[in-house]
Amino acid sequence: MKKLRTFLGYTILVAIAVSMIYPFIAMVNLSFAEENSIFMQTSKLFYGNLTVDNYKNVLNEIPLVRYFLNSLIVASITTLGQVIFAALAGYAFARLKFKFKNALFLIILITMLIPPQVNIIPLFFLMRELNMINTYSALILPGLFGGLGIFMMRQYFLGLPKDLEESAKIDGCNIFETFFKIALPLAMPTVATLALFTFVTTWNSFMWPLIVTNTESMRTLPVGLAIFKGSFREVTLWGQLLACSVICTIPVIGVFLVGKRFFIQDILQGGVKE
């Protein structure tokens, strides 16, 4: 009976995995299909007559490389800043004692309840007053701080045993050395999770980049692709859209592959590393 339950469980998991990965495989497959034969190949898992014309055409029609680089720069810097600030703030709320600590953390939690759309207009006027419209600063600065990241890091640091940190203090480490040499390495699974969420969210961001950018050279990939799709008049070039979609997913998959080993890293294994 136990083996039967295990078999059924794995069967269900495999079926779910196949149902989720099939659309991605179909997207990659059809991005290499000829434009006039895309809807004739949807039932095939692999399209035989491969062509890169869709990729060539989209690169010639829009500055896709520029859009890609803009999104990569914004997402990378935002992710790095979010992780650094969230880790430092989370450790401070978890380990340090200072005045109004609980009140400040409550305010941070309240910010998580406010929809991002509510902040768009005030942020836009603030960026305009600072002369940051249509700059990388306007795209990056609002995403450097987030209540979710601070909450995640604080909860993780609260669960860490204090013995290692106390041993480091006995050995002469100050608060920063304790954080960077002991606490932060142990928190890498949470850091990787936060980095992945931040990168994907920033990479897919559409509304804010659409508002604060007004030139083609500063547009991010989601905005550029939306404008490209809106430029279709008589017929939709599905092949080129699929090619753009494949290009959009490459960085996200890369970030996941780089960070996946941290997702299964055990806290005790990190504690005994030399």
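Residues numbered from 1 in each chain as written. Predicted model: local features only at pLDDT ≥ 70, side-chain atom pairs only at ≥ 80, totals over all residues. Heavy atoms only, no water.

A. Examining the overall build of the protein chain more closely. Counting its regular elements, the protein chain contains 14 helices and zero strands. The linear arrangement of helices and strands in the protein chain, starting from the amino end, is α-α-α-α-α-α-α-α-α-α-α-α-α-α. Computed over the C-alpha atoms, the radius of gyration of the protein chain is 23 Å, more than 25% above the 19 Å expected from 2.2 N^0.38 for a compact globule of 274 residues. Structurally, the protein chain occupies a C-alpha span of about 70 × 65 × 35 Å along its principal axes. Relative to its 274 residues, the protein chain shows a buried fraction of 36%. Looking at the protein chain alone, contacts between residues at least 24 apart form 73% of all its contacts between residues at least 6 apart. With an accessible surface of roughly 16900 Å², the protein chain has 69% of that area assigned to carbon and sulfur atoms. Treating the 21 positive side-chain charges of the protein chain as one cloud and the 14 negative ones as another, the clouds have centres 8 Å apart. (Helix = DSSP H or I, 4+ residues; strand = E, 2+ residues; numbered from the N terminus. Rg over C-alpha atoms; globule rule 2.2 N^0.38 Å. Buried < 20%, exposed > 50% of the residue type's maximum accessible area, 1.4 Å probe, protein only. Contact = heavy atoms within 4.5 Å. Areas by Shrake-Rupley, 256 points an atom, 1.4 Å probe, with all protein chains shown as cover. Lys, Arg positive; Asp, Glu negative; His and termini not counted. Charge placed at Lys NZ, Arg CZ, Asp CG, Glu CD.)

B. Summary view of helix H7 (residues 147–159). Here H7 spans 19 Å end to end across 13 residues, near enough to the 18 Å set by a 1.5 Å rise per residue. Buried within H7 we find Gly147, Gly149, Ile150, Met152, Met153, Arg154, Tyr156 and Phe157. (Expected span 1.5 Å × (residues − 1).)

C. The side chain of Gln82, seen in detail. Looking at where Gln82 falls in the secondary structure, it is placed in helix H3 (residues 64–95). Look at Gln82 and you get buried, because its relative accessible area is 8%. Within polar-contact distance, the side chain of Gln82 engages the backbone nitrogen of Gly146 at 3.3 Å. Look past the residues within four positions of Gln82 in its chain and what remains in contact with it is Gly143, Leu144, Phe145, Gly146, Gly149, Leu194 and Thr198. (Polar contact = N/O pair within 3.5 Å; in protein donor to acceptor, adjacent residues only side chain to side chain.)

D. View of the nonpolar core. In this structure, Ile62, Leu64, Leu221 and Leu225 are the most contacted members of the largest nonpolar core, which totals 22 residues. Among the secondary structure elements, those contributing two or more residues to this core are helix H1 (2–31), helix H2 (53–61), H3, helix H10 (188–203), helix H12 (221–230) and helix H13 (238–263). The greatest single-element share of this core, amounting to seven residues, is contributed by H13. In terms of nonpolar packing, the next biggest core, distinct from the first, is built from 21 residues, Ala86, Ile108, Phe157 and Val191 among them. (Core = buried A, V, L, I, M, F, W, Y, C linked by side-chain atoms within 4.5 Å.)

E. Expanded view of the packing of helix H9 (residues 175–186) against H10. Relative to each other, H9 and H10 sit at 65°, their axes nearing to 5 Å. Judged on the interaxial angle alone, H10 and H9 are roughly perpendicular. Here Leu184, Pro185 and Leu186 of H9 lie close against H10, whose contacting residues are Met188, Pro189 and Val191. (Axes fitted to C-alpha atoms, helices over the stretch in contact; angles between N-to-C directions. Parallel < 35°, antiparallel > 145°, perpendicular 65-115°, else oblique.)

F. Spatial organisation of helix H5 (residues 116–129). Between its first and last C-alpha, H5 extends 20 Å over 14 residues, near the 20 Å set by a 1.5 Å rise per residue. For H5, the principal kink sits at Pro122 and spans about 30°. Looking one or two residues beyond H5, the residue adopting positive phi is Asn131, at roughly 55°. (Bend = angle between axes of the 7 residues up to and from the residue.)

G. Quick peek at the pattern of salt bridges. Enumeration according to the criterion identifies one salt bridge in this entry. One salt bridge connects Glu216 with Arg219, and the closest N-O pair in it is separated by 3.9 Å. (Salt bridge = Lys/Arg side-chain N within 4 Å of Asp/Glu carboxyl O.)

H. Seen up close, the environment of Leu225. With respect to the secondary-structure elements, Leu225 resides in helix H12. Not counting residues up to four positions away in its chain, the partners in contact with Leu225 are Ile62, Leu64, Cys244 and Cys248.

I. Inspection of the state of the cysteines at higher detail. Under the counting rule described, the total for this entry stands at zero disulfides. In this model Cys248 remains outside any disulfide bridge; the closest cysteine sulfur is found in Cys244, 6.6 Å from its own. (Disulfide = S-S within 2.5 Å.)

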